[in-house]
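# Fold and contact review
Read off the chains here:
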Amino acid sequence: MNSINRYIILSVFFFSLTGIMTSCEDKLEQYPENQFASGSFWTNETNALIALTGVYRGAIEYGTSVNPPDWWTYSGIVFLEHATDNAYDRRGDNANQNRLTDGTLLPNNGVLSSYWGGSYKRIAISNDFLENVVNVPMEEAKINRMAAEARFIRATQYFYLSQFWGGVPLVTTTLTPDEANVVNKAPKSEVVQFIIGEFSEIVDDLPRFSELTDAEQGRASKQAALAFLGRIYLAEKQFAQAAATYKQIIDFGDNMIDPDYQSIFLPSKENSAENIFSSLYYDGIAGNALPQHTLPASSGGWHIVNPLGSLADAYDWDDGTPFSYDDPRYNSRDMGANRDPRFRYTLTWDGCDFQGRTLVVHPDSTNSLDQLTYSKQATRTGYGLRKYLDESYNGGLRLYGGNLPVIRYAEVLLSYLEAELEAGSVITQDLLDNSINLVRGRESVNMPPITETDPAKLREIIRKERRVEMAMEGTRLWDLLRWEIAGDVLQGDFWGAPFPDSELYESTSKKLDPNFRWYVTTKNFRKGIDEVWPIPESETNINPNLTN
């Protein structure tokens, strides 16, 4: 049975009682933990809220996940960076995410089936919800809002499917097993129009971000729907429409650039007005294993996530000039010195302070658990991930309660400026100051303002700003694909941190670099092939129509 069949014919809901919507948390314990008989379930508002929790939960797994069960898990967001020039999976070149873009992608890659199956599970649950919530005896306004939320979730899944696969089955009703096994793909253009229509239509029935109560954190708002609508307009190069959509979010005035960059990714500040829509977790109850997968071995972690040198080198000097190994400010013993502060908030490196101690990853430090090698359970690049991690956290590494932002206001502002630029609008200093310079000028970052208005030069500035501002947030591959530069960027050798004082470098690094950077991997993205993912082999084996 393929994923479409398995998930589209669901008639019961499977979800954790510690789900996303805490507003009904106290009422959940009176029900069985894992399923409901649909015939007697749709009888009151409480049950409808429980069912909506299942829509939001989707395929999200708590605790440890390797292949991404959903686009909004840590393995779905952070691990997707392994397919880009931002990061590398320590498990090696054969790791599934690395192979998405290194020229060896095949239809049997486990990441493909995980994302595909997770999307169609959400779509199936959403379809079932939409077919039944209209029969629940409650206020029409509440029905309309819940239906809009389910349509939001369903449309986000078609957004991701369309961006990475193009044409996919467009299913909006529950199918029988026989129907599911022969379903055909819709052309990408049809899927895109469906997405645009859904996000456009549901905005009126969703509350504004400022109207969400504390108990409703994690539920969709007008701004969340508009942000995804802006994304699909950007991807389709409908720039005027994208700019107008993002301007609506800005004009609401509900969101802001938080003054403290580092804290908006931590549990203490996860409800910041900058985080428009997030995937929610609860410490010790319904947590994620991001610390287990990312912390260094000396902290009990597996160090799966390894930022690449090309990302580290993208962070400018703190005066706004480009980083260079020839600059006198370059200090290989302190790569974070004199840099854009987001370097220090995002990365770890040899000799930096992390969790109140000095992190030792130098290739000559043979006694360190975290020594840079090709064999230890340690960094493969000389860099590690600091972003998302509360360094004072002392709970279970597999049940961390940190939320994962899906849409931030910083993305809205940068996307708005990009849309205006690509639409051919006149770029004024006022526009720059109310978009990119708000992002760069937050108190904890305070990078010099951008004054460039030449379109060609500004385009590169915006793209670089997106990269460093949104590093490790799962958007880099989408950006490379929609900018149509993945085939150029994801080519050749990729390096890690520099170690010019290493005595072991020449005998241990698999390739040598004039700047003494550690060799990591080589990519050979196939232009004309790897821009579109193949439909998972497990699906086409059952339904040959998906190959057409």
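Values in this document were obtained by computation on a predicted structure and should not be read as measured data.

## Digging into the overall build of the protein
Summing up its helical and strand segments, the protein has 21 helices and 10 strands in all. Its C-alpha radius of gyration of 23 Å places the protein within 12% of the 24 Å reference for a compact globule of 548 residues. Taking as baseline every contact in the protein between residues at least 6 positions apart, the subset at least 24 positions apart corresponds to 70%. Of the accessible surface of the protein, which amounts to about 19,600 Å², a share of 48% is contributed by carbon and sulfur atoms. Between the mean site of the 49 positive side-chain charges and the mean site of the 74 negative ones, the protein shows a separation of 3 Å.

## Focus on the environment of Met146
Note that Met146 resides in helix H6 (residues 140-165). Placed 73 residues apart in sequence, Met146 and Arg219 show a C-alpha to C-alpha distance of 9.8 Å. Apart from the residues within four sequence positions on either side, Met146 is in contact with Glu45, Ala48, Leu49, Leu52, Phe129, Val133, Met138 and Arg219.

## Some thoughts on the packing of aromatic side chains
Applying the stated criterion across every chain, the model contains 39 aromatic pairs. Ring geometry for Phe159 against Tyr160: centres 5.3 Å apart, planes inclined by 70°, an arrangement best described as edge-to-face. Residue classification places Phe159 among the buried positions, given a relative accessible area of 2%. Of note, Arg231 hangs over the ring of Phe228, and the distance from its end group to the ring centre comes to 5.0 Å.

## As for unusual backbone geometry
In this structure, His303 takes a positive phi of about 50° despite not being glycine. Residue His303 is classed as buried on the basis of its relative accessible area of 4%. At Tyr388, a position not held by glycine, the phi torsion is positive, near 85°. By the element assignment, Tyr388 lies in the loop between strand E7 (383-385) and strand E8 (404-408). Assessed through its relative accessible area of 2%, Tyr388 is described here as buried.

## So, helix H9 (residues 222-235)
The end-to-end C-alpha separation of H9 is 20 Å, in line with the 20 Å expected for 14 residues at 1.5 Å each. Looking one or two places after H9, you find Lys237, whose phi comes out positive at around 60°.

## Comments concerning the pattern of salt bridges
The full count for this structure, using the stated rule, is 44 salt bridges. The shortest N-O distance in the salt bridge between Glu236 and Lys188 comes to 3.9 Å. Of the two residues, Glu236 is situated in the loop between H9 and helix H10 (239-252) and Lys188 in helix H8 (residues 188-202); the sequence distance between them amounts to 48 residues. Under the relative-accessibility criterion, Glu236 is labelled partly exposed at 28%. Where Lys511 meets Asp493, a salt bridge forms, and the shortest distance between an N and an O atom there is 3.0 Å. With a gap of 18 residues between them, Lys511 in the loop between helix H20 (505-508) and strand E10 (517-524) and Asp493 in strand E9 (residues 491-498) connect regions that are remote in the sequence. Residue Asp493 is classed as partly exposed on the basis of its relative accessible area of 33%. Here the residues in one salt-bridge network are Glu274, Asp340, Arg342, Lys387, Arg408, Arg440, Arg442, Glu465, Glu469 and Glu473, joined through shared partners.

## Some words on the confidence of the model for the protein
Averaged over the protein, the pLDDT score is 93; the fraction of residues at 70 or greater is 93%. The element-level mean pLDDT for the protein is lowest in helix H1 (residues 3-8), coming to 51, with helix H14 (residues 409-422) highest at 99. Contacts from residues 6-36, a stretch scored under 50 in pLDDT, to residues over four places away or in other chains number 76 contacts.

## A short note on the packing of H8 against H9
At a minimum axis distance of 9 Å, the contact between H8 and H9 shows a crossing angle of 155°. Relative to H9, the element H8 is oriented roughly antiparallel. By crossing handedness, the relation of H8 to H9 is classed as left-handed. Contacts between H8 and H9 involve Val192, Ile195, Ile196, Phe199, Ser200 and Ile202 on the former and, on the latter, Ala225, Phe228, Leu229, Ile232 and Tyr233. In terms of residue class, the contact of H8 with H9 is built from 10 nonpolar, one polar and no charged.

## A look at empty space enclosed by the protein
Using the criterion set out here, one finds seven cavities of 30 Å³ or more in the structure. If you add up the space inside the largest cavity, you get close to 180 Å³. Among the secondary structure elements, those contributing two or more residues to the lining of the largest cavity are helix H4 (74-77), H6 and E8. For the lining of the largest cavity, the element with the highest residue contribution is H6, accounting for four residues.

## Here we look at the pairing of strand E2 (residues 275-279)
In terms of burial, E2 is a largely internal element, five of the five residues being buried. Where E2 and E8 come together, four bridges link them in antiparallel fashion. The partner of Asn275 across the bridge, within E8, is Arg408.

## Quick notes on the layout of surface pockets
One number sums up the size of the largest pocket: a volume of about 320 Å³. Elements represented by at least two residues in the lining of the largest pocket include exactly H6, helix H18 (476-482) and helix H19 (486-489). Grouping the constituent residues of the lining of the largest pocket by class yields nine nonpolar, four polar and eight charged.

## Describing the packing of H14 against helix H17 (residues 455-469)
Direction vectors running N to C along H14 and H17 enclose 160°, while the axes themselves pass 10 Å from each other. When the interaxial angle is binned, H14 and H17 end up roughly antiparallel. In the packing of H14 onto H17, the handedness of the crossing is left-handed. Within the contact between the two elements, H14 uses Ala410, Glu411, Leu414, Ser415, Leu417, Glu418, Leu421 and Glu422 and H17 uses Pro455, Leu458, Arg459, Ile462, Glu465, Arg466 and Glu469. Split into classes, the residues belonging to the contact of H14 with H17 amount to seven nonpolar, one polar and seven charged.

## Let's talk about the nonpolar core
Of all hydrophobic cores here, the largest spans 155 residues; its most connected members are Phe152, Tyr158, Trp165 and Trp533. Among the elements that line this core, the one with the most residues is H6, at 14 residues.

Rules and cut-offs
Residues numbered from 1 in each chain as written. Predicted model: local features only at pLDDT ≥ 70, side-chain atom pairs only at ≥ 80, totals over all residues. Heavy atoms only, no water. Helix = DSSP H or I, 4+ residues; strand = E, 2+ residues; numbered from the N terminus. Rg over C-alpha atoms; globule rule 2.2 N^0.38 Å. Contact = heavy atoms within 4.5 Å. Areas by Shrake-Rupley, 256 points an atom, 1.4 Å probe, with all protein chains shown as cover. Lys, Arg positive; Asp, Glu negative; His and termini not counted. Charge placed at Lys NZ, Arg CZ, Asp CG, Glu CD. Phe/Tyr/Trp six-rings, centres within 6.5 Å; stacked < 30°, edge-to-face > 60°. Buried < 20%, exposed > 50% of the residue type's maximum accessible area, 1.4 Å probe, protein only. Lys NZ or Arg CZ within 6 Å of the ring centre and 35° of its normal. Expected span 1.5 Å × (residues − 1). Salt bridge = Lys/Arg side-chain N within 4 Å of Asp/Glu carboxyl O. pLDDT = per-residue confidence, 0-100. Axes fitted to C-alpha atoms, helices over the stretch in contact; angles between N-to-C directions. Parallel < 35°, antiparallel > 145°, perpendicular 65-115°, else oblique. Left-handed = near helix turned anticlockwise from the far one by under 90°. Nonpolar A, V, L, I, M, F, W, Y, C, P; charged D, E, K, R; others polar. 1 Å grid on protein atoms, 1.4 Å probe; cavity = no way out; pocket = protein on both sides within 12 Å on 5 of 7 lines; lining within 4 Å. Points joined across faces, edges and corners; volume = space filled by probe spheres on them. Pairing = 2+ DSSP bridges. Core = buried A, V, L, I, M, F, W, Y, C linked by side-chain atoms within 4.5 Å.

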